[in-house]
Amino acid sequence: MAAYSLLSSLFLQSPSPSSPYSRSPNRTPKLPPLPSLSLPPTPRPSFLSPSSKLSLSSLHNLISSRTQSNTASNSCDSNRYFASALDSLFLLCTSLALSFSLFVTDVGPASAFVVTAPRKLQSDELATVRLFQENTPSVVYITNLAVRQDAFTLDVLEVPQGSGSGFVWDKDGHIVTNYHVIRGASDLKVTLADQSTYDAKVVGFDQDKDVAVLRVDAPKDKLRPIPIGISADLLVGQKVYAIGNPFGLDHTLTTGVISGLRREISSAATGRPIQDVIQTDAAINPGNSGGPLLDSSGNLIGINTAIYSPSGASSGVGFSIPVDTVGGIVDQLVKFGKVTRPVLGIKFAPDQSVEQLGVSGVLVLDAPANGPAGKAGLQPTKRDSYGRLILGDIITSVNGKKVTSGSDLYRILDQCKVGEQVTVEVLRGDHKEKIPVILEPKPDES
C-alpha cells in the first residue's frame, strides 16, 4: 500500500526542477530497481497496465511521457508570461508618452479633457431669441431734459427729468413714443440701438391718446422701421413681447400673454379715456413706456403706456394703446403736426357732482360763445344777481346714444369727425330739448 501511494504522488504531481526524475538535455534519469509488486484488488488508475504486475520498462515509459507533457506545458506558460510582459511594457510606454505630451503642451488648467456640449434650445426659445434680435434695432432710448437754474450759481443747466422708450416708425427718422415721456421737456435725446445719440425734435403729439412723434436726423442705414401689425383680431391668451429700456438699462425683453381686450384707461395728460386698450401680464416697468408690444411674429400691435400698480412697479397688469388707434394718429401728426379731433367746446362738471344732484348725464359748466356748443345755444352753469347757482344744460344723449358720464361723451365724439353735425339732447330745467351742433377741432389745434 505504501508503494502505491508513492507511485500516485509521482504520476499525479508535476515534477519540480530539483526532482531526480526531471529530464535534462545531457542526462538520462536512472531509476532505482523496483521489485515486482502484486497490486491488491482495489481500483487502479486508468494509466496502469491491466496486468497484475508493473514492469520497469513500462514505468520508465510512463515517467518519460509525463515529463515531456510537463515540458510542453511549461513552454506554453512561458509564452503566456512573455506576452503578458510585452503588454505591460506597452502600457507603460504609452502612459509615459501621454504624460510627456501633457507636460510639454501648454494647456489651460483643467481644460485638457473638458468637452463643452453645444447649447441646445427648444423651438419656442429659438423663436423668442430671433424675435428679440430682429426687433431690437428698431427700439430707441429717449432722454427727457429739462432746464434748471442752480440755486447758488444761478447757472442754467439741462438735467434729465425722465426717460422712456420709443421705436422707429419709418426711414425718414420719425420716432413714436408716449406723450408723457416727452411732456415738459426743453430738450430731447434719442439713443439708437448702436448707442449713437441724436437730438430729437417734436413733430406733434396727441395728449388725449398719449401719443407723440419725434424726428431725428440719423443716417437711413441706421434706421430700421418696426414691422406694423394689426390689433383688431387679437385674442385673449395670445403671446406678446415687450421690448424697452426699463430703469435706464439696455434693451430688455419681457414676455406674457394678452390678459384682456377692449379695456379703457384715462390719458395721463388730459384724463380723456383711451378705448380698446390691450391688457397684458408682460412686465412693464418705468422706462418701458413708449416701447413696442409685439406679437409672436414680431409685428407691432401696441404701445406700452401704463401699468396698474400702487407701488409704481410691474404688478402683472399692463396696458398698451392698440396699433390701429396709433396708426391713424401718427399719420395725422406726420402730415399736419396735429390731430383734428372733434370737440363740443364745453367744460363739464365732475361725474360725482352730477350724481349728488340725483340726475344722470353731463352738466355743462361753461360753453364759450365762440365754440361749437356756444354757437348752438347750449346753456352753461351760472349765478343769478343774488349769487344763487343756476344749473346749466345736462347732456343726456348724443345722436341717440345715452350719455351718463364724461367718458361716454368722449367715447361718442371719438367716433365722429370734424365738421359733422350731431344732435345733442339736453335736460334744461324740467324739460328736454334737442339741439343740433356742428363739431369743430380743438382751438389749440386749428
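Residues numbered from 1 in each chain as written. Predicted model: local features only at pLDDT ≥ 70, side-chain atom pairs only at ≥ 80, totals over all residues. Heavy atoms only, no water.

## Quick notes on the overall build of the protein
At step 1: From N to C terminus, the protein includes eight helices and 22 strands.
At step 2: Within the protein, the fraction of its 446 residues that count as buried is 36%.
At step 3: When contacts within the protein are restricted to residue pairs at least 6 apart in sequence, long-range pairs at least 24 apart make up 59% of them.
At step 4: When the accessible area of the protein is evaluated, it comes to approximately 26000 Å², of which 56% is carbon and sulfur surface. (Helix = DSSP H or I, 4+ residues; strand = E, 2+ residues; numbered from the N terminus. Buried < 20%, exposed > 50% of the residue type's maximum accessible area, 1.4 Å probe, protein only. Contact = heavy atoms within 4.5 Å. Areas by Shrake-Rupley, 256 points an atom, 1.4 Å probe, with all protein chains shown as cover.)

## Observations concerning helix H3 (residues 123-135)
At step 1: Helix length check: H3 (13 residues) gives 18 Å between terminal C-alpha atoms against 18 Å at 1.5 Å per residue, within 8%.
At step 2: Taken as a whole, H3 has its buried residues at Thr-128, Leu-131 and Asn-135. Projected onto a plane normal to the axis of H3, the buried residues spread over an arc of 60° and lie on a single side. Summarising the geometry of H3, the exposed residues directed more than 90 degrees from the buried face are Ser-123 and Gln-133. (Expected span 1.5 Å × (residues − 1). Arc of directions from axis to C-beta.)

## Things to note about a nonpolar patch on the surface
At step 1: A surface patch of nonpolar side chains, amounting to about 380 Å² of accessible area, comprises Leu-86, Leu-89, Leu-92 and Leu-96.
At step 2: Among the secondary structure elements, Leu-89 is positioned in helix H2 (residues 56-104). (Patch = residues over 30% accessible without salt bridge, like charges linked within 9 Å, V, L, I, M, F, W, Y side chains within 5 Å. Salt bridge = Lys/Arg side-chain N within 4 Å of Asp/Glu carboxyl O.)

## Topic: the confidence of the model for the protein
At step 1: On average, residues of the protein score 77 in pLDDT, and 69% of them are at 70 or above.
At step 2: Every residue in residues 1-31 is under pLDDT 50, and counting partners more than four places away or in other chains gives 29 contacts.
At step 3: Within the model, the stretch residues 34-39 combines pLDDT values under 50 with eight contacts to residues more than four positions away or in other chains. (pLDDT = per-residue confidence, 0-100.)

## What about the sheet that holds strand E9 (residues 273-280)?
At step 1: Pairing in this closed barrel of six strands is antiparallel, and the strands run E7-E8-E9-E12-E11-E10 around the ring. The mean inter-strand angle of the sheet, taken between neighbouring strand axes irrespective of direction, is 50°.
At step 2: H3 contacts strand E7 (239-244), strand E8 (252-266) and strand E10 (292-294) of the sheet and is inclined by roughly 40° relative to E7.
At step 3: Against the sheet, helix H5 (residues 323-336) makes contact with strand E11 (300-307) and strand E12 (318-322), and its axis sits at roughly 50° relative to E12, the strand it touches most. (Pairing = 2+ DSSP bridges. Axes fitted to C-alpha atoms, helices over the stretch in contact; angles between N-to-C directions.)

## Structural notes on unusual backbone geometry
At step 1: At Gln-195, a position not held by glycine, the phi torsion is positive, near 70°.
At step 2: Among the secondary structure elements, Gln-195 is positioned in the loop between strand E4 (187-191) and strand E5 (197-206).
At step 3: One non-glycine residue, Asp-276, lies in the positive phi region at around 55°.
At step 4: Following the sequence through the fold, Asp-276 ends up in strand E9.

## Details of the nonpolar core
At step 1: Core analysis: the biggest nonpolar cluster contains 24 residues, and Phe-167, Val-176, Val-211, Leu-300, Val-326 and Val-330 have the highest contact counts within it.
At step 2: Put simply, the parts of the chain that give this core at least two residues each are strand E6 (211-216), E7, E9, E11, E12 and H5.
At step 3: A total of five residues in this core trace back to one element, the largest contributor, which is H5.
At step 4: With near-sequence residues (within four places) excluded, Val-211 lies in contact with Val-176, Thr-177, Tyr-179, Phe-205, Asp-206, Ile-321, Val-326, Ile-329, Val-330 and Leu-333.
At step 5: In terms of nonpolar packing, the next biggest core, distinct from the first, is built from 20 residues, Leu-344, Ile-395, Ile-412 and Val-426 among them. (Core = buried A, V, L, I, M, F, W, Y, C linked by side-chain atoms within 4.5 Å.)

## What about the environment of Gly-290?
At step 1: One can find Gly-290 in the loop between E9 and E10.
At step 2: Classification of Gly-290 by relative accessible area gives buried; the value is 0%.
At step 3: Along the primary structure Gly-290 and His-180 are separated by 110 residues, whereas in three dimensions their C-alpha atoms are 8.9 Å apart.
At step 4: Among all residues touching Gly-290, those that are not within four sequence positions of it are Ser-165, Gly-166, Phe-167, Val-176, Thr-177, Asn-178, Ile-303 and Asn-304.

## Overview of the pattern of salt bridges
At step 1: This model, assessed by the stated rule, comprises 13 salt bridges.
At step 2: Salt-bridge contacts for Arg-388 lead to Asp-384; the nearest nitrogen and oxygen are separated by 2.8 Å.
At step 3: According to the relative accessible area criterion, Arg-388 is exposed, its value standing at 53%.
At step 4: In this structure, the salt-bridge partner of Glu-433 is Arg-428, at a minimum N-O distance of 3.2 Å.

## Thoughts on the side chain of Thr-191
At step 1: Positionally, Thr-191 belongs in strand E4.
At step 2: What makes Thr-191 buried here is its relative accessible area of 13%.
At step 3: Reaching out from Thr-191, the side chain makes a polar contact with the side chain of Thr-197 at a distance of 3.2 Å.
At step 4: Apart from the residues lying within four places of it in its own chain, the contact partners of Thr-191 are Val-140, Tyr-141, Ser-196 and Thr-197. (Polar contact = N/O pair within 3.5 Å; in protein donor to acceptor, adjacent residues only side chain to side chain.)

## What about the pairing of E4?
At step 1: With four bridges connecting them, E4 and E5 associate as antiparallel partners. From the neighbouring strand, Leu-188 faces E5, where its bridge partner is Ala-200.

## Section: the environment of Lys-209
At step 1: With respect to the secondary-structure elements, Lys-209 resides in the loop between E5 and E6.
At step 2: Considering only alpha carbons, one finds Lys-209 and Asn-178, 31 residues apart in sequence, at a separation of 8.7 Å.
At step 3: A distance of 3.1 Å separates the side chain of Lys-209 from the side chain of Asp-414, its partner in a polar contact.

## Details of the pairing of E5
At step 1: Hairpin connection between E4 and E5: a loop of five residues separates the two successive antiparallel strands, and Gln-195 in this loop has a positive phi of roughly 70°.
At step 2: Across six bridges, E5 lies against E6 in antiparallel orientation. What sits directly across from Gly-204, in E6, is Val-213.

## So, the environment of Val-203
At step 1: Mapped onto the secondary structure, Val-203 falls in strand E5.
At step 2: Through-space distance from the C-alpha of Val-203 to that of Lys-338 is 8.5 Å; in sequence the pair is 135 residues apart.
At step 3: For Val-203, the residues in contact, after removing those within four places along its chain, are His-174, Val-213, Leu-214, Arg-215, Leu-333, Val-334 and Gly-337.

## Observations regarding the packing of aromatic side chains
At step 1: Throughout the structure, instances matching the rule amount to three aromatic pairs.
At step 2: Seen in terms of ring centroids, Phe-167 and Trp-169 are 6.5 Å apart; in terms of plane orientation they differ by 40°. Their pairing is tilted.
At step 3: Owing to a relative accessible area of 0%, Phe-167 belongs among the buried residues under this scheme. (Phe/Tyr/Trp six-rings, centres within 6.5 Å; stacked < 30°, edge-to-face > 60°.)

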